[in-house]
Structure formats: structure tokens, C-alpha cells
Amino acid sequence: MHNPTDAPPSLTADVLIVGFGPVGKLLALQLGRRGHAVVVVDRQRAGYPLPRAVTHCSDFARILQSAGLAPDTIPGITQPYDDMYVWRNGEGRTLVEVDWSGRGESGWYNTYFFHQPSLETALDEIVAGLPAVRVMRGWEAVALAQEPGSVAVTLRDDGGRRLGVTARWVVGADGANSQVRRWAGIEWHDEGYFYDWLVVDVKPEPGLRFPHVAAQSCDVRRPSTMVPGGPGRRRWEFMRLPHETKDDLNRTGKAWELLAPYGIDPGNAELERHSVYTFQAGWATRWRAGRVLLAGDAAHLMPPFAGQGLGAGVRDVMNLGWKLDAVLRGLAAEALLDTYDAERLPHVVAFVRFSMELGKVICISDPAEAAARDARMIADWAAGMKPPAPPRPRLGPGLHTGPAGGLLARQGRVRLPGGVTGRFDDVFGGPGALIARDSRRLAGLPGAALQELGVDLVALSGPEPPGVTVVEDVDGVYGAWLDTLAAGAVLVRPDFHLYGADDAAAELATGFLARLGAPAPAATL
């Protein structure tokens, strides 16, 4: 990784990223791999060494796959959870069982538990190998001014030295208290949702037998959460009660006291950390102001009850990364970036509000209110009512078309004519593809222009003309998907979402390119 003490008095970059947490790392990786000059600054000289997020979904798993960190290749960092998420009341009666088992559209398990510091270290190692990316730790952005065609940012290190950076675009990935957001004049919508919880991370001794289950205790005496914390770890979260202060709760002795009923004590476990967090809900009202964009916690915050906070941030990166790349390479008009928050914001709001609804069920400290909740949920459970499922929102209005536009694309296994078999994204180096039932549907399409944008021409049958790859649909995933959509072709964007589905592949190709604002290409087939 580059040494900040080597920094020249001024720098230029295609993109300056403020904040080197997981969102900033992933964006630097995405842009650096595409050859763009990226500068990343973070005021901290070292990464945060303790766990924060601990769970991710199948979408997140596919994003890790795109970074070269597929979950089945990093078993020491993340592990699948193919089981139920059990909610119980204070008497131990089941209120509901949420099904976290199985696999999602992305071809990965629906639920994983992971160790965030280890994941960040793995991302650091990848970023360090990208010559186009310069990481500057110990430097803080202290001023920002937008100019025609660029943004001028002043940096200051912890020794007082100053440095200017001129970038074509700036991305604020600098967390909930984003200074970049304030400089850009972007307003914050606050849902008025605040609860304090003590988060406790533990490493039990290897020989300690402990249930793998993820459980939610809705005990009015102390609402709490118990989940895996990644390989070899466990996490507990305990709500602050009305009569307690944050200081009362955030003590090592208090953490051990709350863990004792679970058989966890200093003799059989290591307490990695305890910290009180204020769970909040809100979002930036827009995510672009001129040449400044926001991502991750700078753009949105949500309670952890759906396990989607960090997942929302990495989805931001997937949406923004390929669009910035297209704009920087002149393959799309700058107006494409207006679709970033238009698409992502409604998606995030759906998860913020779902997390809040779960919190309203969990965070009850009034006995009468809790008794009424218990009676209602137990009756619903006995009657066979299905538990609330996480939302599966499509993207908001933007670069997609038709009823299927904006939906998450599926991923299955494919086999190339030479016998190479694997998950689609691995075989083709990414998800972007115009996939047709028959290669003849792809005849005469502007394949070169699509491939410049990371969209391959792929068919499930037929002859193999130049520029088209015919694959075997190993498990029938794509054929069944096209049947469901009643379509002959789908165009999958580089961020795993559908541009659209249609019988006419040509309509998808030409419409997609036209809406990018790119020059009209000539037919190549």
C-alpha cells in the first residue's frame, strides 16, 4: 500500500474517495481494476480492528464473488447460515421462526455470518496490488470546492501538512457524520428512530459447545439478540433499558453479567469488545450534488435488525462503480449518474423501513405492550401465518425498462463449449450479459459496444457466430428464468440488475445503449 509520507504537494485523480472503510475499499477496487486513477484518503492510520457488521445476504455474496472473494474461497472469513432465525418471548415461547435457509437468486446462500476485520484485510490486500489506486491513511479532507469539470479538495495530515487533490469526481464514503455530505449541501431525512444497544463480540474457546442458532429474545426485561459472529465467534446485542444510562451499560463487568445466563464467562471465552451504539434510521435526500456523490453510511443509516446496513453500502458501490466507469471512459453521458440515487434510494428506504418495523416489535420495554404483542404473534404463529420476509424491492426509476427492469438478475452455472464449467460471473468475468434463448436472436447486434460496457452476448442454444458465446445451462436456471419472464432474452447490467426482458434482443441492446447517451454504434454481426 502506498506510503502517505511520499505524497507530492498536489495530486490529480479521476476519482477521489473520502473514507477507506469497506465501501471505500470496494469502490477503489472496482475503479482501480478498470484502470482509473483513484486516490483514497482516510484520517485513520489503521483500519478498525474489531467487528462491526456480522451478517450478509446472497446479493452481498455475489458482490464478494465479483471482488475475487467468493464465500466458498474464504471459509475463515465467512460461513453460511442455513437455518432459522428464532424469535422467543421472555417465557421462552416461540413467537415466530424466520426462514434464513436456502439460496437466493444470486446462487449463494441467503444468509452468511462473517468477520468484518478479516474481510477488510482481504480487500486491503487486493487494493494494494492495484497500481492505479493510491491509498493515503492519516490524511483528512478539510475543504472541498467544486469547479467546472473537477473538484478541488484540500487534505491535511495529522502532522499539519497540507496537500491539494484535483479530481474529476469525489465520492463521500466517510460514514454517518459525513463531512463530504455537508460540504455538498445535501440534506438528511431523519426518521426519528433512536435506540441504544450494547454490542458484545465474543470468541468462545474451541471446545465450548454452543448452539449455532440465531435467536431474538423479545423479553421485556431485556430485549437481546444472539447470532454467530463469523467463524469462531459469537455476537450478543442487549437493549439499554429506560432506567439505564449508556455508561451503566457500557462496562466490561456488565457485559460479562449479561453473558452469564448463556454459559459464557472469562474462563471459557475471550471478550473481543463491548460498545454501545445508537441505532438510527435516515437517509440523504439526494446522493449527487454536481461532481460529488455519496455512498454507504454517508447516504443512509438503518437499524441492524434486518442485517442490511453494510449490504446497502456495497450495493451502492455496484450501482455507482460501473456508471462512473462508463462516464469516465466517455461511453455514457454524465446524466447517467443522476440514475444512481434515483435507483438506489427507493431500494434503501424499503430496507430502512423494514428494519424499523422489526425494531418496533423487538424494542418494547412496557410489560402490557409486550404481553399484547406476544399474544398476537403466538396466535398468528399457531394459525400458520408466515413470518415477515425481507423486502425484495426493484430499483427505483432509472436505467431499466419494462416489468422486469430493475429486478435482481439470477446466477446459475454454465458450461462453455470447451468444457469449462462454473458460476456465470466467474466464467464471463462479471454478470453483464445479453442472454438469449437462441444465438440467432443476437444476430446483427452491436456486440463490441456492449462488450466495452462489460455486457457479453450469450446464448443458450444455436450456432456460435463471431462475438457470441453459446453455453450449456447446466442446472436449467436461465431457461426457467426466461420462462418466468415470458421472454426470449434478458439484458443484465454490470451491477447484477436487469435492464429489461423482451422477445427482441435487439430492442434491449439498442435501448440500453441509447439511454446511456453513448454514440450510436454500427452493427458488428
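Before reading further, recall that the structure is shown in the block above.
Thresholds applied
- Residues numbered from 1 in each chain as written.
- Predicted model: local features only at pLDDT ≥ 70, side-chain atom pairs only at ≥ 80, totals over all residues.
- Heavy atoms only, no water.
- Helix = DSSP H or I, 4+ residues; strand = E, 2+ residues; numbered from the N terminus.
- Rg over C-alpha atoms; globule rule 2.2 N^0.38 Å.
- Buried < 20%, exposed > 50% of the residue type's maximum accessible area, 1.4 Å probe, protein only.
- Contact = heavy atoms within 4.5 Å.
- Areas by Shrake-Rupley, 256 points an atom, 1.4 Å probe, with all protein chains shown as cover.
- Lys, Arg positive; Asp, Glu negative; His and termini not counted.
- Charge placed at Lys NZ, Arg CZ, Asp CG, Glu CD.
- Salt bridge = Lys/Arg side-chain N within 4 Å of Asp/Glu carboxyl O.
- Axes fitted to C-alpha atoms, helices over the stretch in contact; angles between N-to-C directions.
- Parallel < 35°, antiparallel > 145°, perpendicular 65-115°, else oblique.
- Left-handed = near helix turned anticlockwise from the far one by under 90°.
- Nonpolar A, V, L, I, M, F, W, Y, C, P; charged D, E, K, R; others polar.
- Pairing = 2+ DSSP bridges.
- Core = buried A, V, L, I, M, F, W, Y, C linked by side-chain atoms within 4.5 Å.
- Expected span 1.5 Å × (residues − 1).
- Arc of directions from axis to C-beta.

1. Topic: the overall build of the chain
Okay, so step 1: Counting secondary structure elements, the chain contains 13 helices and 27 strands.
Okay, so step 2: What you see for the chain is a C-alpha radius of gyration of 24 Å, in line with the 24 Å of a compact globule of 525 residues.
Okay, so step 3: Principal-axis analysis of the C-alpha atoms places the extent of the chain at approximately 70 × 60 × 40 Å.
Okay, so step 4: Buried positions account for 55% of the 525 residues belonging to the chain.
Okay, so step 5: Contacts spanning at least 24 positions in sequence make up 70% of the contacts within the chain whose residues lie at least 6 apart.
Okay, so step 6: Taken as a whole, the chain presents about 20700 Å² of accessible surface, with 52% of it coming from carbon and sulfur.
Okay, so step 7: Taking the average place of the 53 positive charges on the side chains of the chain and the average place of its 60 negative ones, the gap between the two points comes to 1 Å.

2. Quick word on the pattern of salt bridges
Okay, so step 1: For the structure on display, the rule yields 37 salt bridges.
Okay, so step 2: In this structure, Asp-72 and Arg-423 form a salt bridge, with 3.3 Å as the shortest nitrogen-oxygen distance. A residue pair is termed long-range when its members are at least 10 positions apart, and Asp-72 in the loop between α2 (58-67) and β4 (78-80) and Arg-423 in strand β21 (residues 421-423) qualify at 351 residues.
Okay, so step 3: Using a relative accessible area of 47% as the deciding quantity, one classes Asp-72 as partly exposed.
Okay, so step 4: For the salt bridge of Glu-237 with Arg-235, the shortest nitrogen-to-oxygen distance reads 3.8 Å. By the burial criterion, Glu-237 is buried, and Arg-235 matches it.
Okay, so step 5: If you follow the salt bridges from partner to partner, you end up with Lys-25, Arg-52, Glu-120 and Asp-124 in one network.

3. Some remarks on the packing of helix α1 (residues 22-33) against α2
Okay, so step 1: It is at 11 Å that the axes of α1 and α2 come closest, and there the two elements cross at 45°. Here α1 is positioned oblique relative to α2, judged by the angle of their axes. Like other packed secondary-structure pairs, α1 and α2 cross with a definite hand, here left-handed. Between α1 and α2, the residues in contact are Leu-26, Leu-29, Gln-30 and Arg-33 and Ile-63, Ser-66 and Ala-67, respectively.
Okay, so step 2: Counted by class, the contact of α1 with α2 contains four nonpolar, two polar and one charged residues.

4. Quick notes on the sheet that holds strand β19 (residues 300-301)
Okay, so step 1: Read across the sheet, eight strands follow the order β6-β5-β13-β14-β15-β12-β16-β19 without closing on themselves; strand pairing throughout is mixed. The sheet terminates laterally at β6 (94-99) and β19, the two strands that pair on one side only.
Okay, so step 2: Packed onto the sheet, helix α9 (residues 367-382) meets β5 (84-88) and β6 and runs at close to 55° relative to β6.

5. Some remarks on unusual backbone geometry
Okay, so step 1: Residue Ala-486 is not a glycine yet carries a positive backbone phi of 50°.
Okay, so step 2: Mapped onto the fold, Ala-486 is located in the loop between α12 (477-485) and β26 (489-492).
Okay, so step 3: For Phe-496, which is not glycine, the phi dihedral falls at a positive 75°.
Okay, so step 4: Inspection of the secondary structure assignment puts Phe-496 in the loop between β26 and β27 (498-502).
Okay, so step 5: The exposure class of Phe-496 is buried, given its relative accessible area of 4%.

6. Some points on the sheet that holds strand β22 (residues 433-436)
Paired through backbone hydrogen bonds, the strands of a sheet run either parallel or antiparallel to each other.
Okay, so step 1: The five strands lie next to each other as β24-β23-β22-β26-β27, forming an open sheet whose pairing is mixed. With one partner strand each, in any of the chains shown, β24 (468-470) and β27 form the two edges of the open sheet. Along the sheet, successive strands turn relative to each other by an average axial angle of 20°, direction set aside.
Okay, so step 2: Across four bridges, β22 lies against β26 in antiparallel orientation. Bridge pairing links Ala-433 to Val-492 in β26.
Okay, so step 3: Taken strand by strand, α12 contacts β22, β26 and β27, and its axis lies near 105° from that of β26.
Okay, so step 4: Sheet strands in contact with helix α13 (residues 505-516) are β22, β26 and β27, and its direction is about 150° off that of β27.

7. Brief notes about the environment of Ser-365
Okay, so step 1: By the secondary structure assignment, Ser-365 is in the loop between α8 (338-362) and α9.
Okay, so step 2: Separated by 85 residues in sequence, Ser-365 and Gln-280 have C-alpha atoms that sit 18 Å apart.
Okay, so step 3: Discounting residues that sit within four places of it in the chain, Ser-365 has contacts with Val-220, Met-239 and Pro-242.

8. Details of the nonpolar core
Okay, so step 1: Ranked by internal contacts, the top residues of the largest apolar core, which has 132 residues, are Trp-87, Leu-434 and Phe-512.
Okay, so step 2: Broken down by element, this core gets its largest block of residues, 11 residues, from helix α7 (residues 309-328).
Okay, so step 3: With residues near it in sequence (within four places) discarded, Phe-512 still touches Trp-322, Leu-399, Leu-450, Leu-453, Val-455, Leu-491, Arg-493 and Tyr-499.

9. Things to note about α13
Okay, so step 1: Relative to the 16 Å expected for 12 residues at 1.5 Å per residue, α13 spans 17 Å between its end C-alpha atoms, a close match to the ideal helical length.
Okay, so step 2: Every buried residue belonging to α13 is among Ala-505, Leu-508, Ala-509, Gly-511, Phe-512, Leu-513 and Leu-516, and all of these are buried.
Okay, so step 3: Residues of α13 that are buried in the fold lie against α7, β22, α11 (447-452), β26 and β27.

10. Side note on the environment of Arg-43
Okay, so step 1: Its place among the elements puts Arg-43 in the loop between β2 (38-42) and β3 (55-57).
Okay, so step 2: Judged by relative accessible area, Arg-43 falls into the exposed class, the value being 57%.
Okay, so step 3: Taking the C-alpha atoms as reference points, Arg-43 and Asp-438, separated by 395 residues in sequence, lie 53 Å from one another.
Okay, so step 4: Excluding residues within four positions of it along the chain, Arg-43 makes contact with Gly-138, Trp-139 and Glu-140.

11. A few points about α9
Okay, so step 1: Counted at 1.5 Å a residue, the expected span for α9 with its 16 residues is 22 Å, and the 22 Å between its end C-alpha atoms agrees.
Okay, so step 2: For α9, the complete set of buried residues consists of Ala-370, Arg-373, Asp-374, Met-377 and Ile-378. What you see down the axis of α9 is that its buried residues fit within an arc of 125°, all on one side.
Okay, so step 3: As for α9, its buried residues are in contact with β5, β6 and α8.
Okay, so step 4: Directly beyond the C-terminal end of α9, a positive phi value near 85° is found at Gly-384.

12. As for the pairing of strand β8 (residues 133-137)
Okay, so step 1: For β8, the buried fraction is high: five of the five residues fall into the buried class.
Okay, so step 2: Neither face of β8 is left uncovered, since the one carrying Val-133, Val-135 and Arg-137 and the one carrying Arg-134 and Met-136 both have all their residues buried.
Okay, so step 3: By the bridge criterion, five bridges tie β2 to β8 in an arrangement that is parallel. Looking across to β8, one finds that Asp-42 is bridged to Arg-137.

The values reported here are purely geometric and, on their own, carry no functional implication.
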